Amino acid sequence: MNTNTSITERIEALRSAMKALNMQAYIIPSSDGHLSEYTPAHWKSRSWISGFTGSAGTVVITLEKAGLWTDSRYFLQGAQQIEGTPFTLFKEGVTGVPSIEKFLATELSKGAIVGCDGNCFSQAEIERIGTALSPFGIELNATHDLMKKAWSNRPAIPTKEFFAHPEKYAGEATKARTQRILSELKPFGANAIVLTMLDELAWAFNLRGNDVECNPVGVGYGFIGEKESVLFTIESKVSDALKEELKKQGVRTAPYEEIFTYLSQLPADTCVLIDKMRMTHSIYQSLSKECGKVYATSVVTLLKSYKNEAELKGVKRSMLRDGVALTRFFIWLENTLEQGATPSEVEVGEKLTSFRAADPMYVCDSFDTICGYQDHGAIVHYRAEESTAHKIKNQGVLLLDSGGQYLDGTTDITRTMALGKEEPEAQLKQDYTLVLKGHIAIATAQFPEGTRGNQLDILARKALWDRGLSYGHGTGHGVGVFLNVHEGPQNIRTDNNPTPMAVGTFTSNEPGLYRSGKYGIRIENLIVTVEKCRTEFGTFLGFETMTLCFLDNRLVDKTLLTEQEIEWYNNYQESVYQALSPLLTAEEAAWLRAKTQKL
């Protein structure tokens with residue numbers, strides 16, 4: 001547990017390292033040397049120095065001040081975790097709050113040097129920050145990892161072994177996959193690509209690992225070229241058997257740090273496709289001056305987002321098993337509360353994990369369960385800790401956001417449930433139903449091919465906006481298949497994103513509403529983009545809902561729904577019952593039948 005004293009000591013240790021290099025500020029992101037959202041302990045520098053454990057946020061340390069920048073999902077958590085430390089919270093996106101660059105321009109003088117570790121920033125980020133600071137005469141130096149000096153007991157880079165992801169789940173052999181990647185490079189005039197991000201590496205080489213909590217990936221880099229494909233990783237991470245299998249698939253292995261020398265020696269007949277958002281600054285800087293370079297979105301990112309038939313079949317199987325686990329969990333929770341027990345939010349999260357873990361295909365949770373009772377539900381990415389967790393009573397409202405990693409799929413689901421026998425209050429039912437209307441609007445959307453997620457986002461928010469309500473997070477993120485629960489490039493949110501929704505992309509649908517100090521509401525299912533119809537006006541796409549878990553009828557104000565919305569809702573509830581009941585006991589099926597009655 002971080003103490004305020006230790007946080008102060010850590011800041012001072014970093015400042016000593018900064019002074020030795022004549023740096024006036026240092027930026028520490030949440031990402032690691034592979035631009036991951038969730039990182040191995042070795043790269044949890046931002047959490048170590050600040051005490052803030054959210055998945056998104058950036059720390060800036062000057063010689064006099066310390067700031068934490070994070071988005072609306074973490075305003076409450078960030079404020080709580082840095083309370084009593086030298087850190088000040090800067091709420092990103094709030095009017096009047098300066099960006100990191102504007103803060104530095106105000107705090108520093110001309111000629112100042114701002115440092116950061118170029119291993120943990122994309123090339124695009126380094127260019128953006130450097131461009132923003134340049135007019136003020138401030139230099140950005142991305143060549144030093146000061147954590148090596150400040151963090152004396154820093155954990156090592158993990159050395160757990162990779163394991164193969166079988167073709168029956170991946171739907172494609174590694175050799176065929178790398179050849180397909182090369183063929184996709186040709187229209188850009190490229191014949192090689194460097195893989196920085198761990199999920200892209202795992203997907204391209206059909207590998208999985210245990211280096212990052214909740215994400216089945218392993219630390220390494222990849223290179224795919226016409227002459228050879230190479231996995232750069234720590235030698236002990238690849239068994240002899242796996243090394244031989246990779247060799248058969250046309251992939252050789254090399255030491256982790258050798259990637260920089262290898263790239264520096266690429267010949268002139270090699271042309272690398274570069275995605276500046278998905279390549280670290282350090283990797284970019286190491287590329288040979290002789291080799292060709294073209295710039296575009298990573299073809300691996302795009303190919304990975306289009307789920308093949310085998311992957312989608314696996315997702316459907318995992319959704320069935322996940323739905324059974326959730327049904328049994330909610331039966332347990334209802335019985336436990338009716339018996340007068342008051343389990344904590346932590347205990348409830350652990351119990352849900354135990355129901356998922358009963359499945360032989362279960363590997364781990366896909367993220368730390370968010371179990372928010374009453375006002376804790378209003379903390380968007382809340383993580384319960386035993387010292388501050390609520391005891392859950394048989395009354396009020398519970399928000400539960402959870403997911404599982406299975407060998408054949410990844411799940412992510414949020415349900416908001418009324419507890420006890422009391423009729424939910426009118427405002428809660430109204431709020432829930434407005435969120436539900438947005439969820440249904442996305443689930444039933446039909447749109448022309450080429451439509452982007454930011455063009456659909458208004459559908460999820462309109463019912464809320466009409467009443468002056470809103471939520472600060474995105475409506476949908478891409479999801480991997482036994483890979484990261486958050487992936488791209490497609491999403492559904494207000495931010496501009498040039499990537500359209502395409503057939504086979506797997507995305508979340510999760511509008512919400514949060515009343516601070518009272519409760520939070522979120523309804524999340526996973527959806528896959530499918531073709532709906534073709535007319536003289538073109539091809540139209542839509543979504544198929546994949547998640548199978550009942551919604552709480554008691555929270556719905558039917559008078560706020562249209563006939564079409566009621567029809568979708570009742571059809572969804574019936575589909576949950578029809579899919580799950582054959583896998584349940586007679587008693588469990590009867591319980592689920594009661595929960596899925598028509599409105």
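It should be emphasised that the depicted structure is a prediction, and the values quoted were computed from it without experimental measurement.

With that out of the way, let us pick up the packing of helix H14 (residues 309-338) against helix H15 (residues 345-357). Across the interface, H14 lies against H15 with an axial gap of 8 Å and an inter-helix angle of 140°. Here H14 is positioned oblique relative to H15, judged by the angle of their axes. When you trace H14 past H15, the crossing you get is right-handed. Facing H14, whose interface residues are Asp322, Ala325, Leu326, Arg328, Phe329, Trp332 and Leu333, H15 presents Val348, Lys351, Leu352, Phe355 and Arg356.

With mixed pairing, the six strands of this open sheet are ordered in space as S12-S11-S10-S8-S13-S14. Two strands lie at the open edges of the sheet, namely strand S12 (251-255) and strand S14 (292-295), each paired on one side alone. Averaged over all pairs of adjacent strands, the angle between strand axes in this sheet comes to 25°, irrespective of strand direction. Here strand S8 (residues 192-195) pairs with strand S10 (residues 221-225) via four bridges, running antiparallel. Note that in S10 the partner of Ile193 across the bridge is Ile224. Here helix H8 (residues 174-185) sits on the sheet in contact with S8, S10, strand S11 (229-233), S12 and strand S13 (271-274), set at roughly 65° to S10.

Taken as a whole, this structure holds 36 salt bridges when the rule is applied. Note that Lys313 and Glu309 form a salt bridge whose closest N and O atoms lie 3.2 Å from each other. Here Lys313 and its partner Glu309 are both found in helix H14, four residues apart, which amounts to about one turn of the helix. Here Lys462 makes a salt bridge to Asp466, at a shortest N to O gap of 2.8 Å. In this structure Lys462 comes out as partly exposed when scored by relative accessible area, which is 46%. Among the residues examined, Asp466 registers a relative accessible area of 54% and is labelled exposed. What you see here is one network of salt bridges that share partners, running through Asp199, Lys304, Lys307 and Glu487.

This part takes up empty space enclosed by the protein. Counted according to the given criterion, the structure contains two cavities of 30 Å³ or more. The computed volume of the largest cavity comes to approximately 90 Å³. What lines the largest cavity is a set of 13 residues, among which Ile28, Pro29, Ser45, Cys120 and Met147 lie closest to the centre. Among the secondary structure elements, those contributing two or more residues to the lining of the largest cavity are strand S1 (25-28) and helix H2 (45-50). In the lining of the largest cavity, the residues fall into seven nonpolar, two polar and four charged. In this structure, the second largest cavity spans a volume of roughly 60 Å³. Looking at the second largest cavity, the residues that line it are Ile193, Val194, Thr196, Glu200, Leu273, Asp275, Arg278, Met279 and Ser298. For the lining of the second largest cavity, a count of residues per class yields four nonpolar, two polar and three charged.

The next subject is the environment of Gln24. Positionally, Gln24 belongs in the loop between helix H1 (4-20) and S1. A C-alpha to C-alpha distance of 5.7 Å links Gln24 and Thr62, two positions 38 residues apart in sequence. Not counting residues within four places of it along the chain, the set of residues in contact with Gln24 comprises Met18, Ile61, Thr62, Leu63, Leu108, Ala112 and Ile113. Side-chain polar atoms of Gln24 contact the side chain of Asn22, separated by 3.2 Å. Among the polar contacts made by the side chain of Gln24, one reaches the main-chain amide nitrogen of Ile113 at a distance of 2.8 Å.

What follows deals with the layout of surface pockets. In this structure, the second largest pocket encloses a volume near 370 Å³. Every residue lining the second largest pocket is counted, 20 residues in all, and those nearest its centre are Glu334, Ala418, Asp552, Arg554 and Lys595. Where the lining of the second largest pocket is concerned, the elements lending two or more residues are H14, strand S20 (413-418) and helix H19 (586-595). When residues of the lining of the second largest pocket are assigned to their parent elements, the largest contribution, five residues, is made by H14.

For the rest of this paragraph, the subject is the nonpolar core. One finds Phe330, Leu333, Ile392, Leu436, Phe543, Leu551 and Leu592 to be the most contacted residues of the largest nonpolar core, which totals 72 residues. Looking at which element gives the most residues to this core, the answer is helix H16 (residues 426-443), with eight residues. One finds Cys120, Ala192, Tyr221 and Phe232 within the second-largest nonpolar core, a separate group that totals 52 residues.

Further remarks concern the pairing of S11. Most of S11 sits inside the fold, with five of its five residues counted as buried. Burial along S11 is two-sided: Ser229, Leu231 and Thr233 and Val230 and Phe232, pointing in opposite directions, are all buried. As consecutive antiparallel partners, S10 and S11 are separated by three residues. One ladder, built from five bridges, connects S11 with S12; its direction is parallel. Across the sheet, Phe232 pairs through a bridge with Ala254, a residue of S12.

Once that is clear, we can look at the sheet that holds S20. Read across the open sheet, the three strands follow the order S16-S17-S20; overall the sheet is antiparallel. Looking at the sheet topology across the chains shown, the edges are occupied by strand S16 (370-373) and S20. In this sheet, neighbouring strand axes are inclined to one another by 10° on average, regardless of whether the strands run parallel or antiparallel. As judged from the six bridges shared by strand S17 (residues 397-402) and S20, these two strands associate in the antiparallel manner. Each residue of the ladder has a partner; that of Leu399, found in S20, is Thr416.

Taken together, the side chains of Glu235, Asp240, Glu244 and Glu245 present a region of like negative charge at the surface. Residue position: Glu245 is located in helix H10 (residues 240-248).

Along its sequence, the protein chain is carved into domain 1 (3-150), domain 2 (163-305) and domain 3 (309-596). Taken over C-alpha atoms, the centre of domain 2 sits 34 Å from the centre of domain 3. Contacts between the two partners involve 21 residues from domain 2 and, on the opposite side, 26 residues from domain 3. Interface area, domain 2 with domain 3, both sides summed: about 1700 Å², of which 56% is carbon and sulfur. Area buried by domain 2 at its contact with domain 3 is led by Tyr169, Cys214 and Ser305, which between them contribute 37% of it. Here domain 2 and domain 3 share one salt bridge between them. At the junction of domain 2 with domain 3, the criterion picks out five residue pairs in polar contact (both at pLDDT 80 or more). Looking at the side of domain 2 that touches domain 3, the elements that each hand over two or more residues are helix H7 (167-170), helix H9 (198-204) and helix H13 (299-305). The leading source of residues in the side of domain 2 that touches domain 3 is H13, at four residues.

What counts and what doesn't
- What you see as residue numbers is a count from 1 along each chain, following the sequence as written.
- The model is predicted, so local features are restricted to residues of pLDDT at least 70 and side-chain atom pairs to those at 80 or more, both for listing and for counting; the totals for chains, interfaces and linings are taken over all residues.
- To get the side-chain values, take all heavy atoms of the structure and skip hydrogens and water.
- Between the N-to-C directions of two axes lies an angle of 0 to 180 degrees, each axis being a line fitted to C-alpha atoms and, for a helix, fitted only over the stretch in contact.
- Segments assigned H or I by DSSP are reported as helices when at least four residues long, segments assigned E as strands when at least two residues long, and all are numbered from the N terminus.
- Just so you know how the angles are binned, under 35 degrees is roughly parallel, over 145 roughly antiparallel, 65 to 115 roughly perpendicular, and the rest oblique.
- The hand of a helix crossing depends on one turn: near helix anticlockwise from the far one by less than a right angle means left-handed, and clockwise means right-handed.
- The criterion used for residue contact is that any of the two residues' heavy atoms lie within 4.5 Å.
- We call two strands paired when DSSP finds no fewer than two bridges between them.
- Salt bridges are defined by distance alone: a side-chain nitrogen of Lys or Arg within 4 Å of a carboxyl oxygen of Asp or Glu.
- Each residue is placed in one exposure class: buried if its accessible area under a 1.4 Å probe, protein chains only, is under 20% of its type's maximum, exposed if it is over 50%, and partly exposed if it falls in between.
- The definitions used throughout rest on a 1 Å grid laid over the protein atoms alone, on which a cavity is an enclosed set of points accommodating a 1.4 Å probe that cannot get out and a pocket is an open set flanked by protein within 12 Å on both sides along at least five of seven lines; lining residues are those having an atom within 4 Å of a point.
- Grid points are joined across faces, edges and corners, and a volume is the space filled by probe spheres set on the points.
- The nonpolar class holds Ala, Val, Leu, Ile, Met, Phe, Trp, Tyr, Cys and Pro. Asp, Glu, Lys and Arg form the charged class, and all remaining residues, Gly among them, are polar.
- As used in this structure description, the phrase polar contact means that two N or O atoms lie within 3.5 Å; if the pair is within protein, one of them must be able to donate a hydrogen and the other to accept it, and residues adjacent in sequence are counted only when both atoms belong to side chains.
- To form a nonpolar core, buried Ala, Val, Leu, Ile, Met, Phe, Trp, Tyr and Cys residues must be joined to one another through side-chain atoms within 4.5 Å.
- In this scheme, patches are assembled from residues that exceed 30% relative accessible area and form no salt bridge. Like charges are connected within 9 Å, while nonpolar side chains (Val, Leu, Ile, Met, Phe, Trp, Tyr) are connected within 5 Å.
- Computed with the Shrake-Rupley method and a 1.4 Å probe, the accessible areas treat only the protein chains shown as cover for residues.
- Counted as positive: Lys and Arg. Counted as negative: Asp and Glu. His and the chain ends are not counted at all.
- Here the site of a charge means atom NZ of a Lys, CZ of an Arg, CG of an Asp or CD of a Glu.
- Boundaries of every domain are those given by an automatic assignment or by a domain database.
- Buried area: the sum, over both parts, of the accessible surface (1.4 Å probe) that disappears when the two are put together.

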